[in-house]
Amino acid sequence: MRIVPLDKSPLPSIAPDIVFDGVLGDFAAALPGEVANRGGLRARAALETAVLICLGTDARVRPDELRDGDINRGWPGDSFDMADDEAPIGSRLWLLRRRTVDDAIVPRLAEDYAVEALAPLIRQGAAAKATASAVADPAHNALVLSVTLTDRDGAVVVAQKFRVLWP
């Protein structure tokens, strides 16, 4: 499964200076005009990066969510906590790869998994609310997942679209 940003720019800038082209991510050097960060890495879209990490990282799941033979995925660091209020990283979107894209169940699960994955950003106060909307494209074995983060005043602070593909 791949999650591809549907951004108008050919290489969306995902801070801390991760440039993501839909397949590969890499760090990007600061631009010459960034005098305060000369020789460092660009860091201009921290919240957008956090959204990408939350959605694009596989979360560990409960054993009852695994089928026979499945290996639990997710960041190994989630198996222990460094702080009392630490939240697991990632989403359960990877579980959808074992389903056929339909117009009813898969989009609702994708929305639920996305909002759940973004919950740490709400708990940390980076945003006040997270919403997700998914539209299935069964003919292309894909769906479009739109996520929005708003602040306390209801203003949109992040709005991103991703194409989730079943290879």
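Here the structure is shown first, and the text comes after it.
Residues numbered from 1 in each chain as written. Predicted model: local features only at pLDDT ≥ 70, side-chain atom pairs only at ≥ 80, totals over all residues. Heavy atoms only, no water.

Asker: What is the right way to read the nonpolar core from this model?
Answerer: Looking at soluble globular proteins, one finds that nonpolar side chains tend to be buried together. In this structure, Val-51, Leu-55, Leu-118, Leu-145, Val-147 and Leu-149 are the most contacted members of the largest nonpolar core, which totals 33 residues. Broken down by secondary-structure element, the contributors of at least two residues to this core are α1 (46–56), α2 (105–123), β5 (129–137), β6 (142–150) and β7 (156–165). Per-element accounting of this core gives the leading share, eight residues, to α2. Among residues more than four places away in sequence, those in contact with Leu-118 are Val-51, Cys-54, Leu-55, Ala-130, Val-147 and Leu-149. (Core = buried A, V, L, I, M, F, W, Y, C linked by side-chain atoms within 4.5 Å. Buried < 20%, exposed > 50% of the residue type's maximum accessible area, 1.4 Å probe, protein only. Helix = DSSP H or I, 4+ residues; strand = E, 2+ residues; numbered from the N terminus. Contact = heavy atoms within 4.5 Å.)

Asker: Even after reading the chapter, I still don't get the environment of Ala-114, so can you show me in this structure?
Answerer: As for its position among the elements, Ala-114 is in helix α2. Sequence separation between Ala-114 and Leu-55 is 59 residues, and the spatial gap between their C-alpha atoms is 6.3 Å. With sequence-adjacent residues up to four places away left out, Ala-114 is seen in contact with Leu-55, Ala-132, Leu-145 and Val-147.

Asker: Looking at this model, I keep getting lost on the pattern of salt bridges. Mind explaining?
Answerer: Once their charged atoms are close, side chains differing in charge can pair, the charge on each being opposite to the other. Under the defined criterion, the tally for this structure stands at nine salt bridges. In this structure, the salt-bridge partner of Arg-62 is Asp-64, at a minimum N-O distance of 3.0 Å. We classify Arg-62 as partly exposed; its relative accessible area is 48%. Put simply, Arg-98 and Asp-70 hold a salt bridge, and the shortest N to O gap is 2.7 Å. Taken together, the positions of Arg-98 in the loop between α1 and α2 and Asp-70 in the loop between α1 and α2 put the pair 28 residues apart, joining distant regions of the chain. (Salt bridge = Lys/Arg side-chain N within 4 Å of Asp/Glu carboxyl O.)

Asker: Even after reading the chapter, I still don't get the environment of Ile-122, so can you show me in this structure?
Answerer: Mapped onto the fold, Ile-122 is located in helix α2. By relative accessible area, Ile-122 is classed as partly exposed at 27%. The spatial distance from the C-alpha of Ile-122 to the C-alpha of Leu-149 is 8.8 Å, given a sequence separation of 27 residues.

Asker: Just to check I follow, could you spell out α2 for this structure?
Answerer: Count 3.6 residues to each turn of an α-helix, and residues three or four apart come out pointing the same way. With 19 residues, α2 extends 27 Å from end C-alpha to end C-alpha; this agrees with the ideal 27 Å at 1.5 Å per step. Taking the largest bend as the criterion, α2 deviates by roughly 30°, centred on Ala-117, and proline Pro-120 comes between one and four positions later. Of all the residues in α2, the buried ones are Val-106, Pro-107, Leu-109, Ala-110, Glu-111, Tyr-113, Ala-114, Ala-117, Leu-118, Pro-120 and Leu-121. In this structure, the buried residues of α2 make contact with α1, β5 and β6. Of the residues flanking the end of α2, it is Gly-125, one or two places downstream, whose phi is positive at about 85°. (Expected span 1.5 Å × (residues − 1). Bend = angle between axes of the 7 residues up to and from the residue.)

Asker: Teacher, can you tell me more about the packing of α1 against α2 here?
Answerer: The geometry of a pair of packed helices is captured by two quantities: the angle between their axes and the separation between those axes. It is at 9 Å that the axes of α1 and α2 come closest, and there the two elements cross at 135°. Between α1 and α2, the angle falls in the class oblique. Crossing hand, α1 versus α2: right-handed. For the pair formed by α1 and α2, the contact residues are Leu-47, Ala-50, Val-51, Cys-54 and Leu-55 on the first element and Ala-114, Ala-117, Leu-118 and Leu-121 on the second. Looking at side-chain class alone, the contact of α1 with α2 contains nine nonpolar, no polar and no charged residues. (Axes fitted to C-alpha atoms, helices over the stretch in contact; angles between N-to-C directions. Parallel < 35°, antiparallel > 145°, perpendicular 65-115°, else oblique. Left-handed = near helix turned anticlockwise from the far one by under 90°. Nonpolar A, V, L, I, M, F, W, Y, C, P; charged D, E, K, R; others polar.)

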